[in-house]
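# Fold and geometry: a report
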There are 2 protein chains.
Amino acid sequence: MEVVETVQEMQQICEAIRLAGETIALVPTMGFLHQGHLELMRVGRRHADKLIISIFVNPSQFGPGEDLDQYPRDREGDLEKARKVGVDLVFMPSAPEMYQEGYQTRVQLEKLPRHLCGLSRPGHFDGVATVVAKLFNITRPHIAVFGQKDYQQLTVISRMVMDLNMDIRIIGVPTIREPDGLAMSSRNSYLNPGERKSALSLKKSMDLALELFREGERRPGVIIDAVRSLISGHPFTEIDYVALCDPVTLDSVEVLGERNLLAMAVRVGKTRLIDNCLLQNGSDRDDHI
Amino acid sequence: MEVVETVQEMQQICEAIRLAGETIALVPTMGFLHQGHLELMRVGRRHADKLIISIFVNPSQFGPGEDLDQYPRDREGDLEKARKVGVDLVFMPSAPEMYQEGYQTRVQLEKLPRHLCGLSRPGHFDGVATVVAKLFNITRPHIAVFGQKDYQQLTVISRMVMDLNMDIRIIGVPTIREPDGLAMSSRNSYLNPGERKSALSLKKSMDLALELFREGERRPGVIIDAVRSLISGHPFTEIDYVALCDPVTLDSVEVLGERNLLAMAVRVGKTRLIDNCLLQNGSDRDDHI
């Protein structure tokens, strides 16, 4: 496994891989790898000849007052995990390597970021789309793998790829959870034991919503109220949003249809957690889009 | 010479060219080809194994009230000219092929569009950057060729390529002029004989500026006044802007330095014409950046 820190070297390596007729899978990450990341890598591994991951805590997707400075990092642990899962190349650039003097370009989506997390994190999805566009241009992947846990991110990137005619297949991978149901996230490391317990309310509220949906409830308001009420009953929680929306456009729905996205962001203590699941006919699973 | 109208076919062809180890040069155009375009193609021809041109009148770079509907078109004439100059592939998509349902992504530069033409054409350079990013992703060129006549466009695209890590070499080609000095432009076809004569004032004013600069004048205001005054002395002219700026950042300069861009936009009748030249030590040429 090779670790590459400059754009130019990465581009040369990837161009050579492509010229040799081999395919590339990319898994972009911000590091502090957990089982969720490793699952993305295993999926990438199965779909291409060469597996590349990027580890880059991208400043432009953090807002003022967000956790850029304290975002957890573990370079050696990450490399060890990547090696074990069969990664071929790790791209680990510095921020100045990615954003050179005079930098001024961003990729912006008009509608998708105006929903869900985009409302409380203005500019976040511009930052995500832009850095992912850069990583795509640097590593030239045939496929790229993202987690469904960051559902809105997945829709933003899928739409960008389609709109900008990037010849890349985007694969969304179901959320990996702790045994008790908490969605894996690097930010879980911020939680103290009491908060960790309250954090389970997200998954419990989704189970409740799935049950209501299975029983025939189709009024978004009723389901959202039940979800909010369950979460609010747990200490340290402060709901940012709970939304039921179209899984493609992320527009709110008046009445639930065949496929609906239930998405939420909840502050538990100082830690902002997100989770989501699909409410759809004939399924109580949240594992496919 | 092959004419391709769909994104998917173009991508397949270009991927095959790359896999065969051949290089690609792209010349993006809006058609109605003149000698300026043909010169870009000749330069492209010399730099790569395969020469691709695109012909696409991109709606998203025209503002409300601009000349999108009347922009001149000549499909058969264009194909004939392209064939003669040795083009291998012409990409001629429809607008719906380029902007599919739900389209919502744009590439935006923060600073460069806030100068010169960007001020009277808000959104224009976002439209240009976005469509060029798309064309790059569709044709995957090793080099792309643009005219220095659209100087601000050239700086926007060069900066985008750098910022988004597109592995593409951008070549700027000196402006081609009619024998009397008028810069070649598809929009020259709008001019009636009286306007055509007044349109020469742009080149004459640049010659005057070059002369003042050679004589040692370094005050931007003096040169700009001379330019404005010469142009205003011609009938049918209405100056949009005359600017002296840094040729990289396009920021206005207080005192002229080693290299300075003189750029102007002038309405002649209803036709908006642009032109530019470099004022630099040891040269009265406008033919290199």
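Since the structure is predicted, the reported quantities are computational estimates derived from the model, not experimental observations.

Looking only at helices and strands, one finds ten helices and ten strands in chain A. Once the C-alpha set of chain A is aligned to its principal axes, its extents read approximately 55 × 40 × 40 Å. The proportion of buried residues among the 289 residues of chain A is 44%. Restricting to contacts in chain A with at least 6 residues of sequence separation, those with at least 24 account for 70%.

What follows is about the confidence of the model for chain A. Overall, the prediction assigns chain A a mean pLDDT of 96, with 98% of residues at 70 or greater. Of the two predicted TM-score estimates for the complex, the pTM is 0.96 and the ipTM is 0.95.

So, on to the interface of chain B and chain A. In this assembly, 25 residues from chain B lie in contact with 25 residues from chain A. Listed by contribution, the elements that provide at least two residues to the side of chain B that touches chain A are α1 (7–19), β5 (105–109), α6 (124–139) and α7 (151–163) of chain B. Looking at the side of chain B that touches chain A element by element, the count peaks at five residues for β5 of chain B. In the sheet, strand β5 (residues 105–109) of chain A pairs with β5 of chain B via five bridges, with the strands oriented antiparallel. Residue pairing in the sheet places Leu109 of chain A in a bridge with Thr105 of chain B of β5 of chain B.

Turning our attention to the domain arrangement of chain A. Residues and elements named next belong to chain A. Here chain A is described as being made up of domain 1 (2–173) and domain 2 (186–280). Between domain 1 and domain 2, the C-alpha centre-to-centre distance is 26 Å. With 13 residues of domain 1 at the interface, the matching set in domain 2 holds 13 residues. Elements that contribute at least two residues to the side of domain 1 that touches domain 2 include exactly α5 (117–120) and α7 (151–163). Per-class residue counts for the side of domain 1 that touches domain 2 are seven nonpolar, five polar and one charged.

The subject of this paragraph is the packing of α6 of chain B against α7 of chain B. All names here are of chain B. Between α6 and α7, whose axes approach to 10 Å, the crossing angle comes to 50°. When the axes of α6 and α7 are compared, the pair comes out oblique. As for the relative orientation of α6 and α7, their crossing is right-handed in sense. Along the contact surface, α6 presents Phe125, Val128, Ala129, Val132 and Ala133, while α7 presents Gln153, Val156, Ile157 and Met160. Split into classes, the residues belonging to the contact of α6 with α7 amount to eight nonpolar, one polar and no charged.

Time to look at the relation of the copies chain B and chain A. The two copies are related by a screw operation: chain B maps onto chain A through 180° of rotation and 0.0 Å of translation along the axis, at an RMSD of 0.0 Å. Such values leave the two copies arranged in the relation of a two-fold axis. For chain B, the smallest separation between a C-alpha atom and the rotation axis is recorded for Val107 of chain B, amounting to 2.3 Å. Residue by residue, 100% of the interface of chain B is reproduced at the interface of chain A, so both copies engage with the same surface.

Here is what the cut-offs are and how they apply
Residues numbered from 1 in each chain as written. Chains lettered and ligands numbered in written order. Predicted model: local features only at pLDDT ≥ 70, side-chain atom pairs only at ≥ 80, totals over all residues. Helix = DSSP H or I, 4+ residues; strand = E, 2+ residues; numbered from the N terminus. Buried ≥ 20, exposed ≤ 12 C-beta atoms within 10 Å, placed from the backbone. Contact = placed C-beta atoms within 7 Å. pLDDT = per-residue confidence, 0-100. Pairing = 2+ DSSP bridges. Domains from an automatic or database assignment. Nonpolar A, V, L, I, M, F, W, Y, C, P; charged D, E, K, R; others polar. Axes fitted to C-alpha atoms, helices over the stretch in contact; angles between N-to-C directions. Parallel < 35°, antiparallel > 145°, perpendicular 65-115°, else oblique. Left-handed = near helix turned anticlockwise from the far one by under 90°. Least-squares fit on C-alpha atoms with pLDDT ≥ 70 in both.

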